[in-house]
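Overview (structure and organization)
What follows is the residue order along each chain.
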Amino acid sequence: MAHLPRLVATLGLLILPLATLILAQQPALPLHSSSRWILDANNQRIKFRCVNWAGHQEVNIPEGLDKQPLDYITSWIQQQGFNCVRLTYSIDHALHPDVKVADAFSSAAASSGAPLTAMTGLYANMAQKNPALANATTRDVFAAVVDSLWQHNVVTILDNHVSKASWCCNLTDGNGWWDTAFGYNDANSRFFHTQEWLDGLRAMATWAAGRKGVVAMSLRNELREFLLQDLNGRADWYTYVQQAGALVHAANPDVLVVVGGVQSTTDLTHLRAGRMLDTSAWAGKHVWEMHAYSFTVTFPDPFESCDVVKTEYGFWAGFVLEQGKAYTGPLILSEFGVGMTGGSEDGLVPKDKRYLDCLVDYMQNNDADWAVWALQGSYYVRDGVADWDEGWGVLAHDWSGWRNSKFPGMLGGMWKVTQGP
């Protein structure tokens, strides 16, 4: 019985059509970008088929290590056909990497309001499942995760998700925009201290230079700007994204630099309507990103017409895939997803099924890169609740296998590589 979870994970391969299952192989590094493509060192296309793995919340380590051994999780990721992980982190972690894991669980109780006994119990579970990490630092845990993924031929995109380690995102969480508009006391900026953000990016880029599996760094998750920023041409976005991209590249020239737009990473229209971002400081390493959910206000509900929704995807961000333009570049749909326990035959609520079918059609036609939200079947703590169940997680609460076994098949041709340079 000790090997039953691994057997279940292996059998889980059978839920994907054999024609679509492509097990990850280590790419020839470093990666680079050319036109709308991500290429390896041999100029062969690499299509990111990723899953998000949260590590940005109060404990400041990747979730789930209290549920399964690390190698079980990373081997499961590879076995399902994923070739990359978008691994999230906070600036709190980037600037304080030497916190002991046991202390991180205790501190998370204080910062989140979760019971200390519950958090120390989760730490005990993690120490039992992953004894090699019991006395580690939080940075040691990130290193172990990245290295284990690479051993299973899965690459890592490091994503700066928040400044203050916490759940994300809304307009008052303090992580949405740089502190340049109204200062630290504004509800959307009080934790987003510009210099600390730059210092944190530099620290993570420098650290990642010693980790072969890290192939890209996303500068910031879901920027949420003020109307004032629209009126001034989104000047802060141009200024600080350019600074951040340049310093990441200077610290680690091998990683791709991933840049999202505004309005929660849905809107890049200023590139077309205004001026192109100066990416010359990281030439040949540039990648765009976008997010799309059924509740994303930028995009309408596809109840009326999927064609309308697909037009919206292209208008707001997908246009960067047009070749031969100043803004042309690879585009990764770095967050999309659905609730996995909708109760219907396929496990989705009708709105989510309409949304997903439409998005999959758009992605198949464009053969763009993607990262589903999210791997984690649970959180150590979220909103003050220890061992929170994540209904959007592709993994079940115990992290043993798919929460909804039909979901990977719903992604259809997104698994395939159908286009290239």
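Quick caveat, the model's predicted, so the values are computed rather than measured.

**A few points about the state of the cysteines**
- Scanning the model with the defined rule gives 3 disulfides in all.
- Covalently, Cys168 is tied to Cys169 through a disulfide, its sulfur atoms 1.4 Å apart. Its S-S torsion of about 65° marks the bond between Cys168 and Cys169 as right-handed, since a negative value means left-handed.
- Its relative accessible area of 9% is what places Cys168 among the buried residues.
- Here Cys306 pairs with Cys358 through a disulfide, and the sulfurs are 2.1 Å apart. Looking down the S-S bond of the Cys306 and Cys358 bridge, the torsion is 100°, so its handedness is right-handed. Here the residue Cys306 occupies a position in helix H11 (residues 306-316), and Cys358 occupies one in helix H12 (residues 350-366), the gap between them amounting to 52 residues.
- By relative accessible area, Cys358 is classed as buried at 2%.
- When the cysteines of the protein chain that form disulfides are numbered from the N-terminus onward, they connect as 1-2, 3-4, 5-6.

**Re the pairing of strand E11 (residues 378-382)**
- Judged by how many residues are buried, E11 sits mostly within the fold: 5 of 5 residues are covered.
- Sheet topology note: the E11/strand E12 (residues 385-389) ladder contains 4 bridges and is antiparallel. The residue of E12 that forms the bridge with Ser378 is Asp389.
- In this structure, the hairpin formed by E11 and E12 is closed by a connection of 2 residues, where Asp383 is found at a positive phi of approximately 50°.

**Focus on empty space enclosed by the protein**
- Tallying each qualifying case throughout the model produces 2 cavities of 30 Å³ or more.
- Considering only enclosed or pocket space, the largest cavity measures out at about 50 Å³ in volume.
- Taken together, Leu219, Arg220, Leu223, Val241, Val258, Val259 and Gly260 make up the lining of the largest cavity.
- With 3 residues, the top contributor of residues to the lining of the largest cavity is strand E7 (residues 256-260).
- Class assignment of the residues belonging to the lining of the largest cavity gives a composition of 5 nonpolar, 1 polar and 1 charged.

**So, the layout of surface pockets**
- In this structure, the largest pocket encloses a volume near 600 Å³.
- Residue lining of the largest pocket: 26 residues in total, with Cys169, Glu222, Ser264, Tyr293 and Phe295 positioned closest to the centre.
- Of the residues assigned to the lining of the largest pocket, the class counts are 10 nonpolar, 10 polar and 6 charged.

**Regarding helix H4 (residues 101-112)**
- Between its terminal C-alpha atoms H4 stretches 16 Å, which fits the 16 Å expected from 12 residues at 1.5 Å a residue.
- Buried residues of H4: Val101, Ala104, Phe105, Ala108, Ala109 and Ser112, and no others. Considered in projection along H4, the buried side chains sweep an arc of 145° and stay on one side of the axis.
- Looking at the packing, one finds that the buried side of H4 touches helix H5 (116-129), helix H6 (138-151) and E11.
- Positive backbone phi, at 90°, marks Gly113, one or two positions downstream of H4.

**Digging into the nonpolar core**
- One finds Trp53, Ile77 and Trp237 to be the most contacted residues of the largest nonpolar core, which totals 111 residues.
- What Ile77 contacts, discounting residues up to four positions off in sequence, is Val51, Trp53, Phe82, Val85, Leu149, Val154 and Leu375.
- Core analysis: the next-biggest nonpolar cluster, separate from the first, contains 16 residues, Leu31, Trp150, Val215 and Ile332 among them.

**Considering the packing of H4 against H5**
- With their axes 8 Å apart at the nearest point, H4 and H5 run at an angle of 155° to one another. When the axes of H4 and H5 are compared, the pair comes out roughly antiparallel. The handedness of the crossing between H4 and H5 is right-handed. Together, Val101, Ala102, Phe105, Ser106, Ala108 and Ala109 of H4 and Leu116, Met119, Thr120, Leu122, Tyr123 and Met126 of H5 make up the contact between the two elements.

**Some details on the environment of Asn60**
- Relative to the elements of secondary structure, Asn60 occurs in the loop between strand E3 (49-53) and helix H2 (70-79).
- By relative accessible area, which is 12% here, Asn60 ends up buried.
- For the pair formed by Asn60 and Tyr313, sequence separation is 253 residues and the distance between their alpha carbons is 33 Å.
- If sequence neighbours within four positions are ignored, Asn60 has contacts with Gly55, Ser90, Asp92, His93, Thr138, Phe142 and Ala165.

**Considering the sheet that holds E7**
- The strand order E3-E4-E5-E6-E7-E8-E9-E10 describes a closed barrel built from 8 strands, whose pairing is parallel. Along the sheet, successive strands turn relative to each other by an average axial angle of 30°, direction set aside.
- Packing against the sheet, H6 makes contact with E3, strand E4 (84-90), strand E5 (155-162) and strand E6 (214-218), and its axis sits at approximately 175° to E4.
- Contacts from helix H9 (residues 235-251) reach E6, E7 and strand E8 (286-291), with the element oriented near 165° to E7.

**A look at the environment of Cys50**
- Relative to the helices and strands, Cys50 resides in strand E3.
- You can call Cys50 buried: its relative accessible area is 0%.
- When near neighbours in sequence (up to four residues on either side) are disregarded, Cys50 contacts Phe82, Cys84, Val85, Arg86, Ile157, Ile332, Trp370, Ala371 and Val372.

Conventions we followed
- Residues numbered from 1 in each chain as written.
- Predicted model: local features only at pLDDT ≥ 70, side-chain atom pairs only at ≥ 80, totals over all residues.
- Heavy atoms only, no water.
- Disulfide = S-S within 2.5 Å.
- Buried < 20%, exposed > 50% of the residue type's maximum accessible area, 1.4 Å probe, protein only.
- Helix = DSSP H or I, 4+ residues; strand = E, 2+ residues; numbered from the N terminus.
- Pairing = 2+ DSSP bridges.
- 1 Å grid on protein atoms, 1.4 Å probe; cavity = no way out; pocket = protein on both sides within 12 Å on 5 of 7 lines; lining within 4 Å.
- Points joined across faces, edges and corners; volume = space filled by probe spheres on them.
- Nonpolar A, V, L, I, M, F, W, Y, C, P; charged D, E, K, R; others polar.
- Expected span 1.5 Å × (residues − 1).
- Arc of directions from axis to C-beta.
- Contact = heavy atoms within 4.5 Å.
- Core = buried A, V, L, I, M, F, W, Y, C linked by side-chain atoms within 4.5 Å.
- Axes fitted to C-alpha atoms, helices over the stretch in contact; angles between N-to-C directions.
- Parallel < 35°, antiparallel > 145°, perpendicular 65-115°, else oblique.
- Left-handed = near helix turned anticlockwise from the far one by under 90°.

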